[in-house]
Amino acid sequence: MGKIIVAQFVTLDGVTEDPDGSGGTPYGGWAFRHPEAVAGDKFRLGPLLDTGVNVLGRTTWQLFAGLFPQRTDDFSRKLTAMEKLVASRSLDRVDGWANSKLLHGDLVAEVQRRRSIQDVVVTGSGSVVDTLVAHDLVDQYRLLVFPTVLGKGRRLFDAAGAPRHLQLAVSEDVSGGVLHQIYDRD
C-alpha cells in the first residue's frame, strides 16, 4: 500500500497561495524570492517520480504543463515522465503534457484506489489538497517553508475540520532560511 503525499510551498504562517506570482495576487511570488530553494527535486521525491502518480488540480497542471515539457534537467524529465491525473471539471483534454490524463469520477475514491497500489503525490493544487485534508487522507506532508509571513491567503489547513497530529520526520535548511520539512501522520 502506498502513501498520499502532499508537497507544498508554504509561508511561515501557512499560506500556500500564489507562490510564483502567476495567480496575480498582490502578495504573490513569495517563494521565488528564493530561486535557489525552488529548483530541482527540493521535496526529495526521488524514486516516487518513477513509481508514483501525481494528482494535480487544473490550475497547477496548466502552470506545470507550460513549464516542464520544455525543460531538460533530470527532475523536469522525470516529472514529465511521471503519470499524472488531472482533477478538473472544466478541461476536456490534457494532452499538453506527456503522461497526463483526466481524473474521471470521484477524486477521493480514485485517490484511495491509487493509494492501494502506489504512492500518490499531490503538488500544489489547493482544491485537491483541501479535499484530501477534509477527508483526513494525507499520510505525509513534504513542505518547503519560506521565511515569509503574509497574513492572508489560502492556507494549507483551511479545510481541516479537526486537529491533525503529525510527527516531524525531517527538517533541514535548504537555502537562505528556507526549510524542507517532512511530517508524517502520527
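Being a predicted model, the structure only gives us computed values, none of them experimental. (Residues numbered from 1 in each chain as written. Predicted model: local features only at pLDDT ≥ 70, side-chain atom pairs only at ≥ 80, totals over all residues. Heavy atoms only, no water.)

Colleague: How do you make sense of the nonpolar core when you look at a structure like this?
Modeller: As a rule of thumb, soluble globular proteins bury nonpolar side chains together. One finds F9, W61, L79, W97, L144 and F146 to be the most contacted residues of the largest nonpolar core, which totals 29 residues. Secondary-structure elements contributing two or more residues to this core are β1 (4–11), α1 (35–38), α2 (48–51), α3 (58–67), α4 (74–81) and β6 (140–146). Ignoring anything within four residues of it in the chain, the contact list for L144 reads Q8, F9, V10, A37, K42, F43, V174, V178, L179 and H180. (Core = buried A, V, L, I, M, F, W, Y, C linked by side-chain atoms within 4.5 Å. Buried < 20%, exposed > 50% of the residue type's maximum accessible area, 1.4 Å probe, protein only. Helix = DSSP H or I, 4+ residues; strand = E, 2+ residues; numbered from the N terminus. Contact = heavy atoms within 4.5 Å.)

Colleague: Any chance you could explain the sheet that holds strand β8 (residues 178–185) here in plain terms?
Modeller: In a beta sheet, neighbouring strands pair by backbone hydrogen bonds and run either parallel or antiparallel. Taken together, the eight strands give an open sheet; going across it, the order is β4-β3-β2-β5-β1-β6-β8-β7, and neighbouring strands pair in mixed fashion. Of all strands in the sheet, those bounded by a partner on one side alone are β4 (100–102) and β7 (166–175). On average, each strand axis in the sheet is tilted by 25° relative to the strand beside it, whichever way the strands run. Of the strand pairs in this sheet, strand β2 (residues 53–57) and strand β3 (residues 83–87) are connected by five bridges, and their pairing is parallel. The residue bridging V55 from the neighbouring strand is L85, located in β3. The strands that α3 touches are β2, β3, β4 and β5 (120–123); relative to β2, the one it contacts most, it runs at about 110°. Across the sheet, helix α5 (residues 107–115) touches β1, β2, β3, β4 and β5, and the angle it forms with β3 is around 160°. (Pairing = 2+ DSSP bridges. Axes fitted to C-alpha atoms, helices over the stretch in contact; angles between N-to-C directions.)

Colleague: Help me understand α3 in this model?
Modeller: Along an α-helix, residues three or four apart share an orientation, since each turn contains 3.6 residues. Of the positions making up α3, those classed as buried are T60, W61, F64 and A65. The buried residues of α3 all sit within an arc of 130° when viewed along its axis, so they share a single face. Where α3 is buried, its residues meet β2, β3, β4 and β5. (Arc of directions from axis to C-beta.)

Colleague: Explanation requested: unusual backbone geometry in the structure shown.
Modeller: Across residues other than glycine, the phi torsion is negative in most instances, and most of the peptide bonds are trans. In the Ramachandran plot, D18 falls in the positive-phi region, its phi being about 55° despite a non-glycine side chain. Note that D18 resides in the loop between β1 and α1. With a relative accessible area of 8%, D18 lands in the buried category. You will see that D136, though not glycine, has its phi angle at about 55°, which is positive. Here D136 lies in the loop between α6 (126–134) and β6.

Colleague: Would you mind going over the packing of aromatic side chains with me for this structure?
Modeller: The relative placement of two aromatic rings is captured by the distance of their centres and the angle of their planes. The full count for this structure, using the stated rule, is nine aromatic pairs. Between the aromatic rings of F9 and F146, the centroid separation amounts to 5.5 Å while the plane-to-plane angle is 80°, which identifies the pairing as edge-to-face. With F9 in strand β1 and F146 in strand β6, the pair connects residues that are 137 residues apart, well separated along the chain. Given the relative accessible area of 0%, F146 is considered buried. Relative to F68, the ring of F64 has its centre 5.2 Å away and its plane inclined at 85°; by these criteria the two rings are edge-to-face. Judged by its relative accessible area of 14%, F64 is buried. Judged by its relative accessible area of 8%, F68 falls in the buried class. A network of ring pairs unites the aromatic residues F9, W30, F32, F43 and F146 as a single cluster. Across from the ring centre of W97, 4.4 Å away, lies the NZ or CZ of K84, which sits over that ring. (Phe/Tyr/Trp six-rings, centres within 6.5 Å; stacked < 30°, edge-to-face > 60°. Lys NZ or Arg CZ within 6 Å of the ring centre and 35° of its normal.)

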